[in-house]
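Letter by letter, the chains look like this.
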Amino acid sequence: MLKGGVIMDVVTPGQAKIAEDAGACAVMALERVPADIRKDGGVARMSDPDMIEGIKAAVTIPVMAKARIGHFVEAQILQALGVDFIDESEVLTPADEAHHIDKYKFTTPFVCGATNLGEALRRISEGAALIRSKGEAGTGNIVEAVRHLRSILGDIKKIGAADSAELFEWAKRLQAPLSLVQEIAETGKLPVPLFCAGGLATPADAALAMQLGAETVFVGSGIFKSDNPAARAKAIVEATTHYTDAKILAKVSAGLGAPMTGIGMDEINQRYADRGW
Amino acid sequence: MNARATIGVLALQGAFDAHVQHLSALDADVRLVKSANDLHEVNGLVIPGGESTTMSNLLVASGLGKTLSKKIDDGFPVFGTCAGMIMMAQSIIDGRPDQIVLNAMDIEVRRNGYGRQNDSFEQDIDIESFDVPFHALFIRAPIIEKLGDDVEVLSTVNGHPVLVRQGTALASSFHPELVPDLRVHEIFISIVYESNSSQVR
């Protein structure tokens, strides 16, 4: 029920209220937004349960929270806390450099990041209920999100045009289960919803992701690192709904104050998108 | 034969694609509704599952809310599933104070009545006039706490109504659009066709 909506990163109950007021379809509860994780350095972990409880109490919409890649105990704790979705996220420092969480062991649905179709299908085969293209979190720069979305959706199109013999080669190349590749060939889409994350900062960014084929967008640092978070959040929600109507996009993009400054890809030394295997 | 009618699906946020597929599979003319202008082109409206708080905001921002309320007062057919049912209620418990109520039905609904995402469940339910049960998915589903005498209960789970009808308004707390079974959508299509043909006359 998250489709066609905006999921916003929040670090306090107050921010969660602003997000809900603006029309977010869910919030992601975390201790620091990715831009601050990037700035501060150090190890980024699951949030304090008190903080997650505070955000759960503050809003009526679903609450997501992040566990480190491979850290199944953080995931167990998040499930015990009753969060609505667990994000096994590359934005946190990975806990396991070979294994992702076996998501079939949980009843709480998982969202996982992917930079390409092979990664997406490996996550789905581990039990992910939602996939988000990773982009590059905390940059305010959408270029990586676009690259990942185009890669995933482009390969889906190519698989749709492949003959049955070629699907074996696709499965090998993507390092993904053949059955999932065959399913994509038949249906023309991922078996789970495809969301977009990482670097979205403006209403136009959200609409771009939607026009490229994302079903919902995550906005992390882009809202609460901007001049006027409430207005920007509301504008991004409207842009995500009316993503093909340029007149509405022009209207909601006006007078929002400065977006987050953002950084170029050649200025960063740690690419979060490279985390995960 | 029934008069031909176009069925709209509110496409502000939520699972509207699945409704479009179901209605199209039943050979209905379907149109996405995002503005008041779109609404004037359709003979009935499906309000999908999603976040009712999100849809409420977007109804206000687009100016669609007022037009829709007015049409509903005039007997315009609407079918709400999950969040859509919440929006159609006369009053909402555990919603937001500024949340829109379309007052399409004499029901009081508790948002997230069954709990959070993890409390979601699926169950075969008996529905009036159906020969075999319907496989129903309840996702953070609302509970109908109170209903008026004019509301017809078509199905219940643990004593709570889960599919209800009042005149040209139909509402379910489950998601009929997420299972291949088309029977609940058939009910709404016939409501729209009946309403449309009676207006044509």
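Above this note sits the structure.
Here is what the cut-offs are and how they apply
Residues numbered from 1 in each chain as written. Chains lettered and ligands numbered in written order. Predicted model: local features only at pLDDT ≥ 70, side-chain atom pairs only at ≥ 80, totals over all residues. Heavy atoms only, no water. Helix = DSSP H or I, 4+ residues; strand = E, 2+ residues; numbered from the N terminus. Buried < 20%, exposed > 50% of the residue type's maximum accessible area, 1.4 Å probe, protein only. Polar contact = N/O pair within 3.5 Å; in protein donor to acceptor, adjacent residues only side chain to side chain. Pairing = 2+ DSSP bridges. Contact = heavy atoms within 4.5 Å. Buried area = accessible area lost by both parts, 1.4 Å probe. Salt bridge = Lys/Arg side-chain N within 4 Å of Asp/Glu carboxyl O. Nonpolar A, V, L, I, M, F, W, Y, C, P; charged D, E, K, R; others polar. Axes fitted to C-alpha atoms, helices over the stretch in contact; angles between N-to-C directions. Phe/Tyr/Trp six-rings, centres within 6.5 Å; stacked < 30°, edge-to-face > 60°. Lys NZ or Arg CZ within 6 Å of the ring centre and 35° of its normal.

## Topic: the side chain of Thr115(A)
Residues and elements named next belong to chain A.
Moving on, step 1. Along the chain, the position of Thr115 falls in the loop between strand E5 (110-114) and helix H5 (117-125).
Moving on, step 2. In this structure Thr115 comes out as buried when scored by relative accessible area, which is 15%.
Moving on, step 3. There is a polar contact of 3.4 Å between the side chain of Thr115 and the side chain of Asn116.
Moving on, step 4. Within the structure, Thr115 has its side chain in polar contact with the side chain of Glu119 (distance 2.6 Å).

## Digging into the pairing of E5(A)
Residues and elements named next belong to chain A.
Moving on, step 1. Along E5, 5 of the 5 residues are buried, which leaves the element largely enclosed by surrounding structure.
Moving on, step 2. In E5, alternate side chains face the same way, and those of Phe110, Cys112 and Ala114 on one face and Val111 and Gly113 on the other are all buried.
Moving on, step 3. Bridge count for strand E4 (residues 85-89) against E5 is 3 bridges, and the pairing is parallel. Residue Asp87 lies in a different strand from E5, and its bridge partner there is Val111.
Moving on, step 4. Relative to strand E6 (residues 130-133), E5 is paired through 4 bridges, and the arrangement is parallel.

## Focus on the interface of chain B and chain A
Moving on, step 1. Taken together, the contacts link 26 residues of chain B with 30 residues of chain A.
Moving on, step 2. Summing both partners gives a buried area of about 2100 Å² for chain B against chain A, and 48% of it is carried by carbon and sulfur.
Moving on, step 3. Contact with chain A buries area across many residues of chain B, yet Arg96(B), Arg116(B) and Asn118(B) alone supply 28% of it, more than any other trio.
Moving on, step 4. On the surface where chain B and chain A come into contact, there are 3 salt bridges.
Moving on, step 5. Here Arg96(B) and Asp21(A) are joined by a salt bridge, their closest N and O atoms 2.5 Å apart.
Moving on, step 6. The interface formed by chain B and chain A holds 18 residue pairs in polar contact (both at pLDDT 80 or more) in total.
Moving on, step 7. Here the residues of the side of chain B that touches chain A sort into 6 nonpolar, 12 polar and 8 charged.

## Considerations on the sheet that holds strand E6 (residues 107-110) of chain B
Residues and elements named next belong to chain B.
Moving on, step 1. The strand order across the open sheet built from 3 strands is E5-E6-E9, with neighbouring strands paired in mixed fashion. At either margin of the open sheet sits one strand with a lone partner, and together these are strand E5 (91-93) and strand E9 (143-147). Within this sheet the neighbouring strands show an average axis-to-axis angle of 25 degrees, counted without direction.

## Quick word on the packing of aromatic side chains
Moving on, step 1. Applying the stated rule across the entire model yields 9 aromatic pairs over all chains.
Moving on, step 2. Judged by centre distance (6.1 Å) and plane angle (50 degrees), the ring pair of Phe195(A) and Phe218(A) falls under tilted. In this pair, Phe195(A) is assigned in strand E7 (residues 194-196) and Phe218(A) in strand E8 (residues 217-219), connecting sequence segments 23 residues apart.
Moving on, step 3. Owing to a relative accessible area of 1%, Phe195(A) belongs among the buried residues under this scheme.
Moving on, step 4. Each ring, one from Phe130(B) and one from Phe134(B), has its centre 6.5 Å from the other, and the planes form 45 degrees; the classification is tilted. Pair check on accessibility: Phe130(B) and Phe134(B) agree, each one buried.
Moving on, step 5. By way of ring pairs, the aromatic residues Tyr114(B), Phe121(B), Phe130(B), Phe134(B), Phe138(B) and Phe174(B) are connected into one cluster.
Moving on, step 6. Geometry around Tyr272(A) places Arg38(A) over its ring, the cationic atom sitting 4.2 Å from the centre.
Moving on, step 7. Arg173(A) extends its terminal NZ or CZ atom over the ring of Trp170(A), reaching a point 4.3 Å from the ring centre.

On their own, these measurements won't tell you what the molecule is for.
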